[in-house]
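Given next are the chains, with one letter for each unit.
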Amino acid sequence: MASPASTASAESVGATPALRRLYVIRFVFAVAWAALLLVSGSGLTAGARLLLFLYPAFDVAAAVVDARSARAAGPLKGLYANMAVSVLAAVGVAVAGTSGVADVLRVWGAWAVVSGLIQLLVGVARRPMGGQWAMILSGGISVLAGASFIRSAAQDDPSLTALAGYAAFGGIFFLVSAVRLSRPASRS
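So, here is what we can say about the structure in this document. Predicted model only: the values in this text are computed from it and were never measured.

### Structural notes on the overall build of the protein chain
Okay, so step 1: Each helix and strand in the protein chain was counted, giving six helices and zero strands.
Okay, so step 2: Counting from the amino terminus, helix and strand elements in the protein chain follow one another as α-α-α-α-α-α.
Okay, so step 3: Scored against the burial criterion, the 188 residues of the protein chain give a buried share of 44%.
Okay, so step 4: For the protein chain, restricting intrachain contacts to residue pairs at least 6 apart in sequence, the fraction spanning at least 24 positions comes to 76%.
Okay, so step 5: Working note: accessible area of the protein chain is about 9,100 Å², and carbon and sulfur atoms make up 70% of it.

In C-alpha cells:
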C-alpha cells in the first residue's frame, strides 16, 4: 500500500504535464495580449477596454483549469482566491474603463498586488513539484508592479503602456516555469 506522501508525490507528477501546458498557454496569451495593447495605443478605446477586461478574465479561466488539474495535488484555496480576485478585477476594470486611465491603473494595481501575493503563496506551496521559483519571484514582482501602477495613476498623464510590459514580463515567468517543470524538483 502506498503511503500518503508517495501518493501525493505521484499525483503531483501527474499534474505536472497539465501545469506545464497551462504555463505555456499563459505565456503565449500574455505576450500576444501585450502586443495588442501596445498596438491599441494609450487611450481607452473600445478595443483597449476589451483587452483590459480580457486579461483578468483569462486569468480566471486559467485558474479554473489549474484547479481542475491540481485537484488532488495542489493548493486549491489559493487558486479559488485567485479566481475570486480576478473576477472582481475584470468587473472593476470594465467599470473603471468608463472613467479613465487613472482609474484603470488603480484597479489593475490593486489586482496585481493581491493576485501577486496569492501567486507567491501558491508557488511556495507547490515548491515540491519543482519549477516554482519563477512563479514565486513573479508573484513578488507583481506586488511591486501593482504598487507602481497605483502610484502612476496620480501622474498628470497616466498611460496604459506599463501594463503591456507587466503582462509580457509575467508571461516570460510562466515560460520559465514551464521549462523548469520538466526538470526534477531538486534543481528547480
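### Things to note about the pattern of salt bridges
Okay, so step 1: Applying the stated criterion across every chain yields a total of three salt bridges.
Okay, so step 2: Arginine 126 serves as the salt-bridge partner of aspartate 66, at 2.4 Å between the closest nitrogen and oxygen. Of this pair, aspartate 66 sits in helix 2 (residues 46-69) while arginine 126 sits in the loop between helix 4 (101-125) and helix 5 (133-152); the two residues are 60 residues apart in sequence, bridging distant segments of the chain. Assigned by exposure class, aspartate 66 and arginine 126 land together as buried.
Okay, so step 3: The partner of aspartate 103 in a salt bridge is arginine 106, with the nearest N and O atoms 2.8 Å apart. Taken as a pair, aspartate 103 and arginine 106 lie in helix 4 at a separation of three residues, close to a single helical turn.
Okay, so step 4: Aspartate 103 sits in the partly exposed class, given a relative accessible area of 31%.

### Re helix 6 (residues 161-181)
Okay, so step 1: Between its terminal C-alpha atoms helix 6 stretches 31 Å, which fits the 30 Å expected from 21 residues at 1.5 Å a residue.
Okay, so step 2: Along helix 6, the positions that sit buried rather than exposed are Leu163, Ala164, Tyr166, Ala167, Gly170, Gly171, Phe173, Phe174, Ser177, Ala178 and Leu181.

### Remarks on the side chain of serine 138
Okay, so step 1: In this structure, serine 138 sits in helix 5.
Okay, so step 2: Overall, the relative accessible area of 8% leaves serine 138 in the buried class.
Okay, so step 3: Setting aside residues no more than four positions away along its own chain, serine 138 makes contact with Gln119, Gly170 and Phe173.

### Re a nonpolar patch on the surface
Okay, so step 1: On the surface, a cluster of nonpolar side chains totalling about 280 Å² of accessible area is made up of Val24, Val28, Leu175 and Val179.
Okay, so step 2: Among the secondary structure elements, those contributing two or more residues to the nonpolar patch are helix 1 (4-40) and helix 6.
Okay, so step 3: Topologically, valine 24 is positioned in helix 1.
Okay, so step 4: Classification of valine 24 by relative accessible area gives partly exposed; the value is 34%.

### Some thoughts on the packing of helix 5 against helix 6
Okay, so step 1: Following both chains from N to C, one finds helix 5 and helix 6 inclined at 170°, their axes separated by 9 Å at the closest point. Relative to helix 6, the element helix 5 lies roughly antiparallel. Side by side, helix 5 and helix 6 meet where Ala134, Met135, Leu137, Ser138, Ile141, Ser142, Ala145 and Phe149 of the first sit next to Ala162, Leu163, Tyr166, Phe169, Gly170, Phe173, Phe174, Val176 and Ser177 of the second.
Okay, so step 2: Looking at the contact of helix 5 with helix 6, its residues break down into 13 nonpolar, four polar and no charged.

The rules behind these values
- Throughout this description, residue numbers start from 1 for each chain and increase along the sequence as written.
- In keeping with the predicted nature of the model, local features appear solely for residues at pLDDT of at least 70, side-chain atom pairs appear and are counted solely at 80 or more, and the whole-chain, interface and lining totals rest on all residues.
- Side-chain measures were taken over the full set of non-hydrogen atoms in the model, leaving aside hydrogen atoms and water.
- Put simply, DSSP H or I for four residues or longer makes a helix, DSSP E for two residues or longer makes a strand, and each gets a number counted from the N terminus.
- Only protein chains enter the accessibility calculation, which uses a 1.4 Å probe; a residue is then buried when its area is under 20% of its type maximum, exposed when over 50%, and partly exposed in between.
- Any two residues whose heavy atoms approach within 4.5 Å at even a single point are treated as in contact.
- Throughout, the Shrake-Rupley method with a 1.4 Å probe supplies accessible areas, and for residues the shown protein chains are the sole cover considered.
- For this analysis, a salt bridge means a side-chain nitrogen from Lys or Arg found within 4 Å of a carboxyl oxygen belonging to Asp or Glu.
- In a helix, the anticipated span is given by 1.5 Å times the number of residues less one.
- Patch criteria: residues need more than 30% relative accessible area and no salt bridge. Like-charged residues are merged within 9 Å; nonpolar side chains of Val, Leu, Ile, Met, Phe, Trp and Tyr are merged within 5 Å.
- Think of each axis as a best-fit line through the C-alpha atoms, taken over the contacting stretch in the case of a helix, with angles from 0 to 180 degrees between the N-to-C directions.
- Just so you know how the angles are binned, under 35 degrees is roughly parallel, over 145 roughly antiparallel, 65 to 115 roughly perpendicular, and the rest oblique.
- When residues are grouped by polarity, Ala, Val, Leu, Ile, Met, Phe, Trp, Tyr, Cys and Pro land in nonpolar, Asp, Glu, Lys and Arg in charged, and all others, Gly among them, in polar.

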